[in-house]
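Topology and contacts: notes
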Amino acid sequence: MISRDQVTEAVHSSVESALGVEADEVTPGATLLDDLGAESIDLLDILFRIERAIGVKIQAAELAAYVQGGIPDDEFGDANEIVTATGLAQLKKIMPQIDQDALAGKLAADKVMSLFTVDNLVELVATRTEATDTVSVGA
């Protein structure tokens, strides 16, 4: 079983290596895109490094699906591609740091990932390791 500390270490070292940033920059609240300067190709590199480090495979499409929580696109964002109240409620579950009220009616759907932090990624990976452990225990 992979501990939460092992997950955190794997995520932090993967982010540091993929982005070439210093360890002290990779804080729980640092956003991957805005604060640390990651681009979409960097996210793929980070996910690949996490897989190599602890064996948890997460594909880029799964990252988006995780954030969106299975909510259909037309319910997550409105006709103007602004995240709906339903979408914001989902984002608050995945990204508890967001200010739902301040973002209401303003957050463009294509800007959602700019709010995704190092800690949000740790949580996703930790959730995946628990799911893997549960599956392997029952096998």
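At E81, a residue that is not glycine, the phi angle is positive and equals roughly 60°. Assignment of secondary structure puts E81 in the loop between helix 4 (73-76) and helix 5 (85-94). Since its relative accessible area comes to 52%, E81 is described here as exposed.

To continue, consider the nonpolar core. Buried together is how nonpolar side chains tend to be arranged in soluble globular proteins. Counting residues in hydrophobic clusters, the biggest one holds 40 residues, and the most contacted among them are V11, V15, L32, L91, F116, L121 and V125. Elements that contribute at least two residues to this core include exactly helix 1 (4-19), helix 2 (40-54), helix 3 (60-68), helix 5 and helix 7 (118-138). In this structure L121 touches V11, V15, L32, I46, L47, I50 and F116, once residues within four positions along its chain are discounted.

This part takes up the confidence of the model for the chain. Within the chain, residue pLDDT values average 92, and 94% of them lie at 70 or more. The model gives residues 134-139 a pLDDT under 50, and that stretch makes zero contacts with residues more than four places away or in other chains.

The next point concerns the pattern of salt bridges. Inspection of the entire model under this criterion finds four salt bridges. A salt bridge links E123 to R4; the nearest nitrogen and oxygen atoms lie 2.8 Å apart. Here the residue E123 occupies a position in helix 7, and R4 occupies one in helix 1, the gap between them amounting to 119 residues.

On the surface, D73, D74, E75, D78, E81 and D110 cluster together into a patch of negative charge. Mapped onto the elements, E75 comes out in helix 4. Using a relative accessible area of 43% as the deciding quantity, one classes E75 as partly exposed.

All right, on to the packing of helix 3 against helix 5 then. Relative orientation of the contacting elements helix 3 and helix 5 amounts to 110°, with a least axis distance of 8 Å. Put simply, helix 3 runs roughly perpendicular to helix 5. Every residue of helix 5 that contacts helix 3 at Y66, V67 and Q68 is listed here: Q90, L91 and I94. Partitioned by chemical class, the residues of the contact of helix 3 with helix 5 number four nonpolar, two polar and no charged.

Cut-offs used in this document
Residues numbered from 1 in each chain as written. Predicted model: local features only at pLDDT ≥ 70, side-chain atom pairs only at ≥ 80, totals over all residues. Heavy atoms only, no water. Helix = DSSP H or I, 4+ residues; strand = E, 2+ residues; numbered from the N terminus. Buried < 20%, exposed > 50% of the residue type's maximum accessible area, 1.4 Å probe, protein only. Core = buried A, V, L, I, M, F, W, Y, C linked by side-chain atoms within 4.5 Å. Contact = heavy atoms within 4.5 Å. pLDDT = per-residue confidence, 0-100. Salt bridge = Lys/Arg side-chain N within 4 Å of Asp/Glu carboxyl O. Patch = residues over 30% accessible without salt bridge, like charges linked within 9 Å, V, L, I, M, F, W, Y side chains within 5 Å. Areas by Shrake-Rupley, 256 points an atom, 1.4 Å probe, with all protein chains shown as cover. Lys, Arg positive; Asp, Glu negative; His and termini not counted. Charge placed at Lys NZ, Arg CZ, Asp CG, Glu CD. Axes fitted to C-alpha atoms, helices over the stretch in contact; angles between N-to-C directions. Parallel < 35°, antiparallel > 145°, perpendicular 65-115°, else oblique. Nonpolar A, V, L, I, M, F, W, Y, C, P; charged D, E, K, R; others polar.

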